Structure formats: C-alpha cells, structure tokens
Amino acid sequence: MNSNEQHLLSKIATGNGHGENSPYFDGWKAFESNPFHLTNNPEGVIQMGLAENQLCFDLIQEWILNNPQASICTPEGVNDFREIAIFQDYHGLPEFRNAVAKFMEKVRGNRVRFDPDRIVMSGGATGGHETLAFCLADPGEAFLVPTPYYPGFDRDLRWRTGVQLLPVVCESSNDFKVTRKALEDAYERAQEANIRVKGLLITNPSNPLGTILDKQTLRELVSFINEKSIHLICDEIYAATVFSQPGFISISEIIEEEKDIACNRDLIHIVYSLSKDMGFPGFRVGIVYSYKDTVVHCCRKMSSFGLVSSQTQHLIASMLSDDAFVDRFLAESAERLERRYKFLTCSLAEVVIDCLKSNAGLFLCMDLRHLLKNKTFEAEMELWQVIINEVKLNVSSGSSFHCSEPGWFRVCFANMDDSTMEVALTRIRTFVRQHKDVKIPKRKCWNSNLRLSFSSLRVDAQSMLSPHSPVQSPLVRARN
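As the structure is a prediction and not an experimental result, all values here were calculated from the model.

Caption draft 1: Spatial organisation of the packing of helix α7 (residues 124–136) against helix α12 (residues 293–302). Contact geometry for α7 and α12: axes closest at 10 Å, N-to-C directions at 125°. Here α7 is positioned oblique relative to α12, judged by the angle of their axes. When the axes of α7 and α12 are compared, the crossing they make is right-handed. On α12, the residues touching Thr-131, Leu-132, Phe-134, Cys-135 and Leu-136 of α7 are Val-295, Cys-298, Cys-299 and Met-302. The residue makeup of the contact of α7 with α12, split by class, is eight nonpolar, one polar and no charged.

Caption draft 2: Quick look at the packing of helix α6 (residues 94–107) against helix α14 (residues 323–350). Running from amino to carboxyl end, α6 crosses α14 at an angle of 40°, the nearest separation of the two axes being 12 Å. If you check the angle between α6 and α14, you find them oblique. Along this stretch, α6 crosses α14, giving a crossing that reads as right-handed. Counted together, Lys-102, Phe-103, Lys-106 and Val-107 of α6 and Asp-323, Val-326, Asp-327 and Leu-330 of α14 form the full contact between these two elements.

Caption draft 3: Main features of the pattern of salt bridges. Counted according to the given criterion, the structure contains 29 salt bridges. When the shortest N-O distance is used, the salt bridge between Asp-323 and Lys-106 registers 3.5 Å. In this pair, Asp-323 sits in helix α14 while Lys-106 sits in helix α6, placing the two residues 217 residues apart along the sequence. The partner of Glu-184 in a salt bridge is Lys-228, with the nearest N and O atoms 3.1 Å apart. Taken together, the positions of Glu-184 in helix α9 (residues 180–192) and Lys-228 in helix α10 (residues 215–228) put the pair 44 residues apart, joining distant regions of the chain. Judged by its relative accessible area of 25%, Glu-184 is partly exposed. Residue class for Lys-228 comes out partly exposed when judged on its relative accessible area of 23%. Each of the salt bridges in this network shares a partner with another, and the network as a whole consists of Arg-180, Glu-184, Glu-220, Glu-227 and Lys-228.

Rules and cut-offs
- Residues numbered from 1 in each chain as written.
- Predicted model: local features only at pLDDT ≥ 70, side-chain atom pairs only at ≥ 80, totals over all residues.
- Heavy atoms only, no water.
- Axes fitted to C-alpha atoms, helices over the stretch in contact; angles between N-to-C directions.
- Helix = DSSP H or I, 4+ residues; strand = E, 2+ residues; numbered from the N terminus.
- Parallel < 35°, antiparallel > 145°, perpendicular 65-115°, else oblique.
- Left-handed = near helix turned anticlockwise from the far one by under 90°.
- Contact = heavy atoms within 4.5 Å.
- Nonpolar A, V, L, I, M, F, W, Y, C, P; charged D, E, K, R; others polar.
- Salt bridge = Lys/Arg side-chain N within 4 Å of Asp/Glu carboxyl O.
- Buried < 20%, exposed > 50% of the residue type's maximum accessible area, 1.4 Å probe, protein only.

See the structure below:
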C-alpha cells in the first residue's frame, strides 16, 4: 500500500492490529492453500489448529429431522415465518434468553441460576469480549491475562478498543497454574510502567491448556480482583467440554458463596457462546452475562452492532428447551471427547510424546521440548515450520499463545473423523522416528478398545473438515 492510499484510509484500515501476522494464523493459511482430503488431496495439510466440536453432529442432525417445525424455513415452521422475520429489538427473543439461561445452568450442574434479563447477545464470543472491553476500559488501559492464552484475544479485545493485554506469566513446573505471586508480579509491572489495570481475563476451561480452574484458585482470583478493585472477565465457552473429573466450576458458583468470601458482584462478567459446547460457531451465538446493571445496559445497546439473527434464536430456543435432547447431547459429547482424548494421548505416548494432563476442551498441549535443537523460541519456530511444511500438520506453536516456554504445541482433536486422525498419527510417528535421538519403546500404552469407531454415526467422514469452505481469511472463522 503506497503512502497516498494510507493517507486516504484510517489507521485501523492500514494497520496490522487485526493480528493476522501471527504464526497461529500462518498455519491456517498453509492449510487453506493445501487442504487435506482423504481422497481428493491425501498429501495435503491436516487441520489440527481448528478448535471445533464435530463429534456429535449426528445427534444435531437427528434432532433437526425430528423437529422440522423449529425452523421457519420448512413447511412445518412456515406459519412462524412472519413473526420471526420482522423486526426484533436487541434484547432478543424472550424464549431464546430463557433457553440459554437454562442451558447455562444445566452445563454448570444446576448449582447456580442465571437471570434471563441479564443475557445479552453478541456476534459470537468474539463480539462479547470486544463489547466488554469497550464497556470496562478506555484506550491505553489494560487487562491482565494468564499465559498461555488464545491468540485471538489480541484481536478481540485490543484491535478496535485500544486496550492493552498484559501477560501473567505461568510456567510448566506447576502445569501452568495461575498463582497469586504471578498475578501480583504482573500487576506491579503494570504499575511501574504507569499502565492502569482495569481487569483480569481468564479462560476456564483453558484454551490452549484444556485444564480447569479449581475452587481454591477461583477464590484466589476473586480475592485478588476485589483487593485491586478491578474487573474479572471469565471466558467459559468450553464449560460443557469437560469430559472427566474433576468437574467444571464456574465463577458464578464462587460468587454465590458470599458467606465464605467477600465479593463485589459488580466486578464479575461472564462470556459464553454455543460455538464450542454445541459445535455451532457458524451460528455466531455469543453471550455476555454481567452482574452489574450498568454493564448489562451498555452491552445491550452495543449489541445492536452484532445481534444473533432472530431465525437462529428461534431454532436455538426450540433445541435448548428440549431437556431430553440436551441431556443426551451433553452426556454423549463428553464421552466421545474423552475417548478421542485418550486415543490421541496414548497414541502419542507410543512415540515418547508427552502431553499436559487435561480433561476439557477440544485440544491438548503436546510437549515437544525434547525435539528442539535449542531451548529457544527460534528453535520452536524452526520445528513448527517442519511440522507445517514437511509433516503437513497444522498444529499451533506455544509462542503464538504467548507461552513463556518454548516447545509446547496445541493440537485440536475434535474437528476430524477417525480416518483423518489415523493419517495424522501416522505422519507424527514417521516424523518422530526420523529423530535418531528419540528412543521409541516397544510397549504400547493402549489397546484396541481405545480405538474409536464412529462408523454408526450419520456423518459424512470426508466433509467433517469442510476443507473447501469459502473462507476468505483464517480470522473470519469463529473463535478457535
């Protein structure tokens, strides 16, 4: 772009604040330029950088076939077309907000209640995060974020708002758990740099770690933000992807324990969506839930820039109001995620690749520190380039997640069929065995009954990856 064009456009249009110049998104571009397909392009790049939950689409398809009236675009639902298609205000359909509140309660074990009047729509969790950033902070002010964290936060909270993100450095020595000392150190560094900290942003369950925050840690976080009088934004979009014990604990449960912990509810805000838990990123169903009235009102006004379509609201309200379906879906999803996780981790263990122990999310963190030539991020990027260009796997480097230690890689496992997973594992085994310094044990850690079989599912195995979807940019895809 020449200087004259830059003069004609805004700083946002001519800048690179969107974050596309990241290795995280470079991996997406490598996949899109050469997408793997079981038959059409078997030598292509396999997408293991996309956190999508595609393991239960057969259940969704079955429900849709059995409930055609839920859509206003079917003969059975056409009578509702006019009412749903005409103007709807940005509060959202009452039945939609009621159904989402009820679903959020069920995902959290019905241990808490959510007020439907505090449900604010957004265009996915991406829109929810930006809306909260606009409401809670001014340009130049900052949020603390424990590392490693989702690369899209740099876009979602910073790009248009001017807000800063400051890392809270967590380390592998304690499985990247956030500590009070790490929080205090990050806060002190901000004070020394004369940066005003307005809040703390956490993801629970974590992306990319796939771990959950225990009750004691959550209480410590609440205590910290109350002492500093700053906000706490809790991204809980993976709440229903917890597939084994310990179970998920929401921040909403912690603040109900007022008799045990001092908590200013006005400082607590939750971001949620159906992109991960239900596997609906294309529906762009994001939710902001705040305990502060002023924030609810402001977010609702701003939501007019990113509403969920009334047609989608109508369908989602019908689906989430079906208790029998929701119960079955949540149970089956957890079971299938656990089976896939166990299969992948045990298969990786065959070639001496350890993974961070986790029990949630649509991914895991693979430890490749022993394959680095040097313990540097330059060596990590060199290894990542080999994995992308030679092994043809789009896994995400830890440095793109702001990880404090080189050698960690996020691998997504729920966005592909069994056959594609087997191809990916074959490529990994071949690659690792080429490293002469790695000794491969003869004993396997898994047996045949860990192998997955989804042959009974009504899913087109070749279409699960949708390699030819018309994506203009890797950043257009829903939060991953």
